[in-house]
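Analysis of the macromolecular model
Residue-level listing of the chains:
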Amino acid sequence: MKKDSLATGHDLLHSPRLNKGTAFSEAERRAYGLEGLLPPGVSTIELQVERTHAELARLTDDLQKYLLLSDLQARNETLYYAVLMSDPAGLMPLVYTPTVGEACQRFDRIFRAARGMYLPITARGRLREVLHNWPQDDVRFIVVTDGERILGLGDLGVGGMGIPIGKLALYTACAGVPPQYCLPVILDVGTNNQGLLDDPFYLGLRQNRIRGEEYMAFVDEFIEAVQTHYPKCCIQWEDFANFNAVAILNRYRDKICTYNDDIQGTAAVALAGIFAALRISDRKFSDQRFLFLGGGAAATGIARLISEAMMLEGVDAAAARARCVLFDINGLVVASRNDLADFQRPFTVDHAPVSAFVDAVKALRPTGIIGVSTVPKLFDRPVIEAMAEINERPIVFPYSNPTSRSECTAEEAYRWSGGRAIFASGSPYPPLEVAGRTFVPGQGNNVYIFPAMGMAIFATEAARVTDEMFIVAAKAVAEQVSEESLAKGLIYPPQSRIFEASLYVAGKVAAYIFDQGFARVPRPADIDAFVRAHAYRPAYSA
Ligand code: NAI
């Protein structure tokens, strides 16, 4: 620790990036004016991690655990990440879904320390000036939401800020993106949630959401302000309503370094699941046909990425698109329908209308069905049985979250297919036994993709984020699933070793970024070592 450049005494203890709490040595306490400000016992970071786990174990309520961790983040950032990285599988559900959902819903009640930037639409025309208030000179990663579609919870207004905060914590904990370069942002354009507007505790703008040109002009100004202050920054969009999410991504994907995890990260994690599933069934990717239940942001995002991955394998564009067919609330997404959104148009098929999903399965004979409808139970027994009749190893991915929205349970998929389904879901299911066989259902959690993508972008200072980068990431995730896991039906790597898995994926994506000429740093001899060298690890500086 360089003494001259640092705060001392009380200020040092209140500087989360520098604070070591009870781990300051006796020598440090003397040198930095800390004597008398801490109890005399000196801890190691390992002991501090253990103490935090003991404290967490005493709490029975997940929101209280969330708050304990969030207070720790505000007090001692190094210890916060040491704790998260000591048990990522166990703590991710507290820092992110599902607990973060409750934290967003109760945001106005539990608000404590400020974190990130709140940019209200009332500050339009001044965003550059407002962004200047952020204390860091170099920001490389922004996660931003407008709070309109928070998880499956809908419009939570400014309470949506919990999402960028939690998600950025995972960028660091799961792939080593250094926290000092990360900035959570909420664009507050109002809320249409009347309950919030009527709530005296609500902390956001008390107005209905601004739409249309005024909204887009505000987004444009935000991007311009970020580009001015932080030219190397990647902007990741999160939990926007689908019409805004698709419009913003299309407007900016070829102009700046940006991506949308709900669309592209989800697509990549589904693609990773498909690649791993094909290792089980030993089938060719380019022979697959997918039918989606749902035709929203997630479905069109996955369909687009699958089609592009097929095109990379030599399938022509029209044939690749025709391998992904959507079925939404009004039935099969066919060309003759006149109720379709613009973003659904590229995925229409020339087919007679079909109004029951099981009939669509029988007519189109897909090799896989992917549920992104938000509606539970629609992969019912006739649907799964039809899939099992058509396919030796049917791919069944009910991805809707949370568990209560899942299109079918793991048990239903395995039982109704006679144990032949290759299954993964959006929300986790525990291992189970069906007909004397043990199955370990995989969770298509975006966390296999976005932290690694962030790390690759950070290390290479990538100028763009392309769909091909997500295809590379998907392949790299699938490659890491062991034969032993595949034998139990598990098609994703274990979350307990997410850091190692992410660095592997980041290395592959970084290599692709260099190959494509999108890197803004010179190509190193050993790209994996280069990525590793850039990864943050929580250790106190000497
Ligand atoms: P969205 O609102 O954009 O789309 C929902 C779609 O489902 C719409 O096309 C709608 O017409 C369709 N739908 C609704 N009811 C239906 C019914 N009865 N029959 C057929 N189709 C119906 O939502 P988005 O963003 O596409 O998300 C969908 C689901 O996917 C959510 O539950 C979300 O949690 C899940 N998801 C899962 C992820 C993961 O596990 N990695 C990541 C992103 C989303």
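Refer to the structure presented above.
In short, a report on the structure. Since the model is a prediction, treat every value here as computed from it, not as a measurement.

**Remarks on the sheet that holds strand β4 (residues 234–237)**
On the basis of which strands lie adjacent, the open sheet formed by five strands has the order β1-β3-β2-β4-β5 and parallel pairing. Of all strands in the sheet, those bounded by a partner on one side alone are β1 (117–120) and β5 (258–260). Geometrically, the sheet is characterised by an average inter-axis angle of 25 degrees between neighbouring strands, direction not taken into account. Strand contacts of helix α14 (residues 261–281): β4 and β5, with the helix running at about 75 degrees to β5, the strand carrying the most contacts.

**Focus on the packing of helix α20 (residues 450–460) against helix α23 (residues 498–515)**
Put simply, α20 and α23 touch, their axes get as near as 8 Å, and they point 45 degrees apart. Of the possible angle classes, the one that applies to α20 and α23 is oblique. The chirality of how α20 crosses α23 is right-handed. Contacts between α20 and α23 pair Ala452, Met453, Met455, Ala456, Ile457 and Thr460 from the former with Ser502, Leu503, Val505, Ala506, Val509, Ala510, Ile513 and Phe514 from the latter. The residue makeup of the contact of α20 with α23, split by class, is 12 nonpolar, two polar and no charged.

**What about the site of the ligand?**
Taken together, the neighbourhood of the ligand is formed by 23 residues, with Arg149, Asn242, Gly295, Ala298 and Asn446 sitting nearest. Within the backbone of Gly296, one N or O atom sits 3.1 Å away from an oxygen atom of the ligand. Residue Ser373 places a main-chain N or O atom 3.3 Å away from an oxygen atom belonging to the ligand. In isolation the ligand has 870 Å² of accessible area, and contact with the protein removes 82% of it. Looking at the shell around the ligand, the elements that each hand over two or more residues are α15 (297–312) and β7 (324–328). Residues belonging to the shell around the ligand are distributed by class as follows: nine nonpolar, 12 polar and two charged.

Rules used throughout
Residues numbered from 1 in each chain as written. Predicted model: local features only at pLDDT ≥ 70, side-chain atom pairs only at ≥ 80, totals over all residues. Heavy atoms only, no water. Pairing = 2+ DSSP bridges. Helix = DSSP H or I, 4+ residues; strand = E, 2+ residues; numbered from the N terminus. Axes fitted to C-alpha atoms, helices over the stretch in contact; angles between N-to-C directions. Contact = heavy atoms within 4.5 Å. Parallel < 35°, antiparallel > 145°, perpendicular 65-115°, else oblique. Left-handed = near helix turned anticlockwise from the far one by under 90°. Nonpolar A, V, L, I, M, F, W, Y, C, P; charged D, E, K, R; others polar. Near = heavy atom within 4 Å. Polar contact = N/O pair within 3.5 Å; in protein donor to acceptor, adjacent residues only side chain to side chain. Areas by Shrake-Rupley, 256 points an atom, 1.4 Å probe, with all protein chains shown as cover.

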